[in-house]
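Coordinate inspection notes
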Amino acid sequence: MITILTTIEEQFAVEQIVSSVDRLHELVLVSTDGSVQSGDKILEVTNGHIRTPIDWFDTEPPYRYPEVQLTETRLLALIFDKLENQQQAFQLLSEEDTFYPHLLAATSLRFGYEFTEDLIHSIGNSLHNQAIVYHYGYVQSKKSFKELRELYAKALGTTSDLEMKSYTAKHYLNLLIDGGLYTEAVEAAKIFIKEANSSESILALKIQLCQALFKNLSVPYSKDQLSSLLQQQSECILDLEEKRLQLNAALMAMDACDVANFMGDFPEAKEFINKAIQYFKEEDISEFLGEAGLKKAHLLYHWSKNGSPQYYKSAINAFQDTLKVFKKDLYPEQFAEVQHNLALIYSEIPATEDEKPIWTAFSASAFKETLGIYTKEAHPYEYAMVCHNYATALMDFPKAKLHDNYKKAYGLFEAALEVRTGNAYPMERALTLLNQLELCWLMHNADGIEEEKRYAEMKAKSEEIEALAQDEVLVAKAQDHLRRLEQLKEII
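For clarity, every value in this text was computed on a predicted model and none was experimentally measured.

So, the sheet that holds strand S3 (residues 41–46)
- The sheet built from 5 strands is open, its strands ordered S2-S1-S3-S4-S5 with mixed pairing. Looking at which strands have only one partner, the edges of the open sheet turn out to be strand S2 (28–31) and strand S5 (68–69).
- Lying on the sheet, helix H1 (residues 8–19) is in contact with strand S1 (2–6), S2 and S3; it crosses S1 at an angle near 145°.
- Against the sheet, helix H2 (residues 72–82) touches S1, S2, S3, strand S4 (49–51) and S5, its axis set at about 165° to S3.

A look at a nonpolar patch on the surface
- The grouping of Val219, Tyr221 and Phe262 at the surface amounts to a nonpolar patch, some 290 Å² of accessible area in total.
- Structurally, the position occupied by Phe262 is in helix H12 (residues 246–262).

Examining the state of the cysteines
- As enumerated under the stated definition, the model contains 0 disulfides in all.
- This cysteine, Cys210, is not joined by any disulfide, and Cys236 carries the nearest cysteine sulfur, 4.2 Å off.
- Take Cys210: its relative accessible area is 1%, and that puts it in the buried class.

Considering the packing of aromatic side chains
- Per the stated rule, a full pass over the model turns up 18 aromatic pairs.
- Ring geometry for Tyr63 against Tyr65: centres 6.1 Å apart, planes inclined by 70°, an arrangement best described as edge-to-face. Here the two residues Tyr63 and Tyr65 agree in accessibility, since each one is buried.

Looking at unusual backbone geometry
- For the bond from Val219 to Pro220, the omega torsion is 0°, close enough to zero to count as cis.
- Inspection of the secondary structure assignment puts Pro220 in the loop between helix H10 (199–215) and helix H11 (223–242).
- You will see that Arg23, though not glycine, has its phi angle at about 65°, which is positive.
- Looking at the secondary structure, you find Arg23 in the loop between H1 and S2.

A word on the pattern of salt bridges
- Per the counting criterion, the structure on display carries 22 salt bridges.
- The closest approach of N and O atoms between Lys165 and Glu195, which form a salt bridge, is 3.4 Å. Residue Lys165 is found in helix H8 (residues 162–178), and its partner Glu195 is found in helix H9 (residues 182–195); the two are separated by 30 residues along the sequence.
- Judged by its relative accessible area of 21%, Lys165 falls in the partly exposed class.
- Glu369 serves as the salt-bridge partner of Lys328, at 3.1 Å between the closest nitrogen and oxygen. Linking Lys328 in the loop between helix H15 (312–322) and helix H16 (332–348) with Glu369 in helix H17 (residues 356–373), this pair joins segments that are 41 residues apart in sequence.
- Residue classification places Lys328 among the partly exposed positions, given a relative accessible area of 43%.

Notes on the packing of helix H19 (residues 405–419) against helix H20 (residues 426–442)
- Interhelical geometry of H19 versus H20 gives an angle of 160° and a closest axis separation of 10 Å. Relative to H20, H19 is oriented roughly antiparallel. For the pair H19 and H20, the sense of crossing is left-handed. Residue-level inspection shows Tyr406, Ala409, Tyr410, Phe413, Glu414, Ala416 and Leu417 of H19 in contact with H20, the latter providing Arg429, Thr432, Leu433, Asn435, Gln436, Leu439, Cys440 and Leu442.
- Looking at side-chain class alone, the contact of H19 with H20 contains 10 nonpolar, 3 polar and 2 charged residues.

Some words on the environment of Tyr134
- For Tyr134, the position within the fold is in helix H6 (residues 127–136).
- We classify Tyr134 as buried; its relative accessible area is 16%.
- Expressed as a C-alpha distance, the spacing of Tyr134 and Glu235, which sit 101 residues apart in the sequence, is 33 Å.
- Leave out the neighbours within four places in its chain, and Tyr134 touches Ile120, Val139, Ser141, Lys143, Leu148 and Leu151.

Considerations on the packing of H12 against helix H14 (residues 286–305)
- The contact between H12 and H14 brings their axes to 11 Å, and the two run at 20°. With respect to their mutual orientation, H12 and H14 come out roughly parallel. Remark: the crossing between H12 and H14 carries left-handed chirality. Touching Leu247, Leu251, Met254, Cys257, Asp258 and Asn261 of H12 are Phe288, Glu291, Ala292, Lys295, Leu299 and His302, all from H14.

Quick look at H17
- Its 18 residues place the ends of H17 26 Å apart at the C-alpha level, agreeing with the 26 Å of an ideal helix rising 1.5 Å per residue.
- Among the residues of H17, those classed as buried are Lys356, Trp359, Thr360, Ser363, Ala364, Ala366, Phe367, Thr370, Leu371 and Ile373.
- Elements in contact with the buried residues of H17: H15, H16 and helix H18 (380–394).

A closer look at the nonpolar core
- Among the nonpolar cores identified, the biggest contains 100 residues, and Phe57, Phe272, Ile273, Phe319 and Ile465 are the most heavily contacted of them.
- The biggest single contributor to this core is H12, with 9 residues.
- For Phe272, the contacting residues outside a window of four places in its chain are Leu230, Ser234, Ile237, Ala253, Ala256, Cys257 and Ala260.
- If you look at the next biggest cluster of nonpolar residues, it comprises 59 residues, including Ile2, Ala89, Ala189 and Phe192.

About the criteria used
- Residues numbered from 1 in each chain as written.
- Predicted model: local features only at pLDDT ≥ 70, side-chain atom pairs only at ≥ 80, totals over all residues.
- Heavy atoms only, no water.
- Pairing = 2+ DSSP bridges.
- Helix = DSSP H or I, 4+ residues; strand = E, 2+ residues; numbered from the N terminus.
- Contact = heavy atoms within 4.5 Å.
- Axes fitted to C-alpha atoms, helices over the stretch in contact; angles between N-to-C directions.
- Patch = residues over 30% accessible without salt bridge, like charges linked within 9 Å, V, L, I, M, F, W, Y side chains within 5 Å.
- Areas by Shrake-Rupley, 256 points an atom, 1.4 Å probe, with all protein chains shown as cover.
- Salt bridge = Lys/Arg side-chain N within 4 Å of Asp/Glu carboxyl O.
- Disulfide = S-S within 2.5 Å.
- Buried < 20%, exposed > 50% of the residue type's maximum accessible area, 1.4 Å probe, protein only.
- Phe/Tyr/Trp six-rings, centres within 6.5 Å; stacked < 30°, edge-to-face > 60°.
- Parallel < 35°, antiparallel > 145°, perpendicular 65-115°, else oblique.
- Left-handed = near helix turned anticlockwise from the far one by under 90°.
- Nonpolar A, V, L, I, M, F, W, Y, C, P; charged D, E, K, R; others polar.
- Expected span 1.5 Å × (residues − 1).
- Core = buried A, V, L, I, M, F, W, Y, C linked by side-chain atoms within 4.5 Å.

And the structure:
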């Protein structure tokens, strides 16, 4: 719905323009008392001019339309632009109209069309719009990060309009976050929030601050930092909900879920992710819904591994739900990620002796599905990770009738080690070697010759871990294997 705020004197003229298009009045409300329903898009018509208020919450491209004289075609073009019917908007507006290049620039940002030099030249001298075009637009003569920062700084330093400065600041903060300058973004956001003079601008800048704080988190997490951030995120979510900006609230709830998870507060993390899932369902955004579902599944899996095994089956259901979105043919990598996690859960879930073979069959099937997508050629890192995890799981599988689980696991460890070389992935290689050593202690040696060969292999692997690992725990484990091997040598 669109609300046009106007004066009593101009109400009739505006209503006449709206009524000139059949049934358009069903989508457009003309208000003279300043009342606006939450969630409505707004246009203002006063003193014979059209003005578009600032869009603080990213429902439209961040290009700022200039204030223009009221004409029937301009007002109708702006209405259809806000209704996201750009084709109709351009049919109404002549190319000779001075407002035309501005409508074209905003549409180019919305759909990723290329900005020509002529178009950039024709949109005027607004430093905010220039920064926005070079930041978000498809421009062949791109500006460097440094040049963009300078352009934003110039725009911020030359405007006397506090609302406009806050709006430019919001996107400048986005640039800093995109550039990985999280600490700088945090400090800048705090300054901009103090300077802001409206509730909308303060909320928009607080959202940017929360994003910068979230990106700036690092292990080991500070409990006070996490608690403070979660409080700020919760306040922003409530404010967004009051404005009926459910999509924005859902996106922030995704981050808040992670923060609560880092704090070990699984119930609160679950509340946040359930809120996000609810809003994504209401907005009917399937990919976001899939990502939120995946986050919930990971949360439940983490929860189950940390003292709450009753959530294993809930995690299974949550991962399986995501497959309604992440279908194998459309989203193969997400499908593989889900199958990998299911494979791990099936291998870890507490089960009776009678149930164990069923779960291990599910696990083996899911691992095979994963390796069908994460191939050595296409996804070497992921391939090695899955081979390693499948091998580790096989070590605890019940004895198979048709093959030797230990022999199969050994082969998978070797496959992982082909990718996890000492130069490329020293830590990962050390972990794989360590698990393979544990396997070697379990494997059967047919005769003395094979026993000698296995001893030499295990000694070499232990010594390689010592040389590779920076972690004291891994080095200590390697040294323990060497001590055990020395004792075994005496027996051999």
